[in-house]
Amino acid sequence: MVNQGSGLDPLSLLALHVHAQPGVYALLLGSGVSRGADMPTGWGVMQELVARVATANAPADPTAGEKARSDPKQWWSEHRPGQELNYSDLLQALGPSPATRRDLLAGFFEPTQEDLADGRKAPSAAHRAIAMLVRRGYIRVILTTNFDRLTEQALADVGVHAQIISRAELVAGMTPLQHADVTVIKLHGDYVEQDIRNTVSELADYPQPWLELLQRVLREYGLLISGWSGESDHALVAALKQDPYRRYPLYWDGRSSKGRVAQDVLAQHTGQEVPAASADVLFTGLLEQVDALERLSEPPVSTAVAVARLKRYLLEPTRRVDLHDLIRSGTERAVQTINAQPWSQQSLDPAGMQQIIEDLTAGSDSLLRLVAAGVYDDHAGLHDDLWVEAVQRLLTAGRHRTGPQAVAELVNLRHLPALLLMRTAGLIAVHTGREDTLLNLVRRPRWRDPAQPAVLLRAFEGLHDLRVFNIDSIRSLPRWREQEQGSNGELDYPISALLRADLRELVREQIPEAEDYVTASDGYEYRLALLQQLRQPAGADLPPAAGLFIAEPRWTARTEGRPIAEVNFRTATTPPDASRAGAWSDLLDVAGGSLFESTLSELRQYLRRVRELPHR
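Calculation rules
Residues numbered from 1 in each chain as written. Predicted model: local features only at pLDDT ≥ 70, side-chain atom pairs only at ≥ 80, totals over all residues. Heavy atoms only, no water. Pairing = 2+ DSSP bridges. Helix = DSSP H or I, 4+ residues; strand = E, 2+ residues; numbered from the N terminus. Axes fitted to C-alpha atoms, helices over the stretch in contact; angles between N-to-C directions. Contact = heavy atoms within 4.5 Å. Core = buried A, V, L, I, M, F, W, Y, C linked by side-chain atoms within 4.5 Å. Buried < 20%, exposed > 50% of the residue type's maximum accessible area, 1.4 Å probe, protein only. Salt bridge = Lys/Arg side-chain N within 4 Å of Asp/Glu carboxyl O. Phe/Tyr/Trp six-rings, centres within 6.5 Å; stacked < 30°, edge-to-face > 60°. Lys NZ or Arg CZ within 6 Å of the ring centre and 35° of its normal.

Read across the open sheet, the seven strands follow the order 3-4-2-1-5-6-7; overall the sheet is parallel. Each edge of the sheet is formed by a strand with only one pairing partner; in this case those strands are strand 3 (163-165) and strand 7 (272-274). Within the sheet, the average angular offset between the axes of one strand and its neighbour, ignoring direction, is 20°. Bridge count for strand 3 against strand 4 (residues 183-186) is three bridges, and the pairing is parallel. From the neighbouring strand, isoleucine 165 faces strand 4, where its bridge partner is isoleucine 185. On top of the sheet, helix 10 (residues 150-157) reaches strand 1 (25-29), strand 2 (139-144), strand 3 and strand 4; it is set at about 165° to strand 4, its chief contact. Its contacts with the sheet place helix 11 (residues 208-220) against strand 1, strand 2, strand 3, strand 4 and strand 5 (222-226), and it is angled at close to 130° to strand 4.

Within the largest apolar cluster, 89 residues are counted, with the highest numbers of intra-cluster contacts made by Ile327, Leu416, Met422, Val442, Leu463 and Phe469. With 39 residues, the next largest nonpolar core counts Ala129, Val182, Tyr251 and Leu286 among its residues.

Structurally, leucine 150 can be placed in helix 10. A sequence separation of 26 residues divides leucine 150 from serine 124, and the C-alpha atoms of the two residues are 8.1 Å apart. Once you skip the residues sitting within four places of it in the chain, leucine 150 turns out to touch Ser34, Ala37, Met39, Lys121, Ala122, Pro123 and His127.

As a further point, take the side chain of serine 364. Residue position: serine 364 is located in helix 17 (residues 350-377). Exposure remark for serine 364: the relative accessible area of 0% places this residue in the buried category.

Per the counting criterion, the structure on display carries 31 salt bridges. A salt bridge links arginine 52 to glutamate 48, with the nearest nitrogen and oxygen atoms 3.5 Å apart. Taken together, the residues span about one helical turn, with arginine 52 and glutamate 48 both in helix 3 (residues 42-57) at a distance of four residues. On the basis of relative accessibility, which here comes to 40%, the residue arginine 52 falls in the partly exposed class. When the shortest N-O distance is used, the salt bridge between arginine 527 and glutamate 435 registers 3.0 Å. Within this pair, whereas arginine 527 is found in helix 26 (residues 514-534), its partner glutamate 435 is found in helix 21 (residues 435-443), the two being separated by 92 residues in sequence. This pair shows no difference in class: arginine 527 is buried, exactly as glutamate 435 is.

Next up on the list: the packing of aromatic side chains. Scanning all chains against the criterion turns up six aromatic pairs. Here the aromatic rings of tyrosine 25 and tyrosine 251 are separated by 6.4 Å at their centres, their planes lie at 50°, and the arrangement is tilted. Of this pair, tyrosine 25 sits in strand 1 while tyrosine 251 sits in strand 6 (residues 250-253); the two residues are 226 residues apart in sequence, bridging distant segments of the chain. In this structure, tyrosine 25 and tyrosine 251 share a single accessibility class: buried. With a centroid separation of 5.8 Å and 50° between ring planes, the pair formed by tyrosine 526 and phenylalanine 569 is classed as tilted. Taken as a pair, tyrosine 526 in helix 26 and phenylalanine 569 in helix 27 (residues 564-573) lie far apart in primary sequence, 43 residues in all. Over the ring of tryptophan 480 we find arginine 479, and its NZ or CZ is 5.2 Å from the ring centre.

Next up, the structure:
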């Protein structure tokens, strides 16, 4: 009978085994794994090819192709007496040369530009998760009945060079399994080769080298089967049943193990079914659980070491996956901090509020330092998508809690890590003159307010200072008692003062000079206010955020009544430096001038009124 297990969720048990024994488990992948990529099965290809032959044979009969497609064996036997339908003969009939046959099959397996744009015929989430498991050393042998090359492509995308064995005669010269990074054994062949196994008779038996290799894998490795039912692959089923003793467990995904053949094999080896809605769900879930076990078992890397690794990865294109893993790991640690903070505490004094702000900031420290270093050294903006993804993840993690016990002020503070990350990366972008990177950071992440589900806010709106902070609460924090209000009016703009103070040390390596830090902070705050000003006609619910960039020392008569930040912005986005304007050119029509001047003028007038208020 099928093993009911130890009471643990089968996927969790599998993850525990895979994590504890790297390289011990092999995979057997069938057509169900490629289904998520809209890749045809071998039988589907044969159906279509026979339909094309039938259509060509009877051009006057509009139903010929469909009839042949519905029963290709019957059509073939009627029109090719004495010939059994098989892949080799079919290809020989359709293509006189290997090149012709390959071109014929390319349309089934190689994506067009339209396919790629729609996400078809490209590695699926399952393939990508498998590739990551291989890259980390957890999987080293992959058996597959698929003709396509999605597994190989996914492995190459993460920098893994796979040993591919697609014909039995290659077995003799292969690198031993234990010495190869990963071996992909294509039991039914590769679509570019003519001797593909596809029909029932072709799958009735395997060449001896195939069987010997199979027996070794099945005897020496644990096995996870996915997307393969075994219903017509008699030789492979026989190999699975041949050896009654298995050294390591057998797992089979629930979708493809429902048939009699699969149930017999599971019963023979007391294997376990792993419930999963699809191969994508199975393998991404397995990867997530292995990731969690890794984080649990490995000591945390110091921030200094992580930053050093990041700088090295930026210089090596082949370490792109390592770079992404590093940032995502830091992001998830910040998410844990968000989830640990209270959101329904009914009584909270200023000291308690300050503690929550300090905890959220400290929990984001490592990520902020990583992204500051990453944006600074990513001179060409090649990894903007990664920084945007991190901001989006924190935005999503800080989504609003609702209910009678939710305290709005605490709920809003859950977005503080996202605000800190966006500002940190934005400061570096302004300091290095990377306007496009800045606009990517503040415009591409989106957030939907549960109170207004029809409204999708960009990050510069969803992370507006006044949406995250209660300004009166910030003014009452105990931290201000330890310093006197200076002549520059810092406490007139407490949110700006708090963020500037808390982020100063985090970016000191990238912006060592105090004056440069002030200029970058002013420039960042001005640009966000400008974007928020642009949103005013669309009915934005909050005015542009004021900050220390409009305090008295940053706005003098020498700049004709303009904030110095505006003067610097004009310099950065208009001739002779207009080439640096980037996407601002489209937003403000920098070249045309009319929208540019009117928007800057409207913002200036608003900021002048704010500056004249007695208590900001």
